[in-house]
Amino acid sequence: MLIPSIDLQGGRIVQLVQGETLALEATDPEPWIERFSRFPRVQLIDLDAAKGQGSNDAMVRTICGRLPCRIGGG
């Protein structure tokens, strides 16, 4: 089974290369919610919480309210 992942950092959806270099960022979760809505589950990672540098609780609630999520990071 393929489980796509959405990473959150600083109130944005991000993709980091090697965990450091920003390759993608988006502030609006709606296109991502629509894109991943066909999957039975989505892995949602709060990178700020994982690093002990805050959290993205509002965005986590928004996305998890619309998609079946597994949450990690804190």
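So, how was this worked out
Residues numbered from 1 in each chain as written. Predicted model: local features only at pLDDT ≥ 70, side-chain atom pairs only at ≥ 80, totals over all residues. Heavy atoms only, no water. Pairing = 2+ DSSP bridges. Helix = DSSP H or I, 4+ residues; strand = E, 2+ residues; numbered from the N terminus. Axes fitted to C-alpha atoms, helices over the stretch in contact; angles between N-to-C directions. Contact = heavy atoms within 4.5 Å. Buried < 20%, exposed > 50% of the residue type's maximum accessible area, 1.4 Å probe, protein only. Arc of directions from axis to C-beta.

### Overview of the sheet that holds strand E1 (residues 5-9)
Then, number 1: With mixed pairing, the 5 strands of this open sheet are ordered in space as E3-E2-E1-E4-E5. Looking at strand neighbours, the two that pair on one side only are strand E3 (21-26) and strand E5 (69-72), the edges of this open sheet. The sheet shows a mean angle of 35° between the axes of neighbouring strands, taken without regard to direction.
Then, number 2: Both E1 and strand E2 (residues 12-17) contribute to a ladder of 3 bridges, which runs antiparallel. Considered in E2, the bridge of aspartate 7 is made with valine 14.
Then, number 3: Strands E1, E2, strand E4 (42-46) and E5 of the sheet are contacted by helix H3 (residues 57-64), whose axis makes an angle of about 170° with E4.

### A few points about H3
Given 3.6 residues per helical turn, the α-helix brings residues three or four places apart onto the same face.
Then, number 1: Looking at H3, one finds that the buried residues are Met59, Val60 and Ile63. Angularly, the buried residues of H3 cover 105° about the axis, an arc narrow enough to put them on a single face. Residues of H3 that are exposed and angled more than 90 degrees away from the buried face: Ala58 and Arg61.
Then, number 2: Contacts from the buried residues of H3 go to E1, E2, helix H1 (30-36), E4 and E5.

### Quick notes on the pairing of E1
Looking along a regular strand, one sees the side chains alternate between the two faces of the sheet.
Then, number 1: Here 4 bridges tie E1 to E4, and the two strands are oriented parallel to one another. Bridge pairing in E4 links aspartate 7 to isoleucine 45.
Then, number 2: A loop of 2 residues connects E1 with E2, the two strands running antiparallel in sequence, and glycine 10 in this loop sits at a positive phi of about 60°.

### Some words on the environment of threonine 27
Then, number 1: Mapped onto the secondary structure, threonine 27 falls in the loop between E3 and H1.
Then, number 2: Judged by relative accessible area, which is 59%, threonine 27 ranks as exposed.
Then, number 3: The contact partners of threonine 27, leaving out residues within four places of it in the chain, are Arg12 and Met59.

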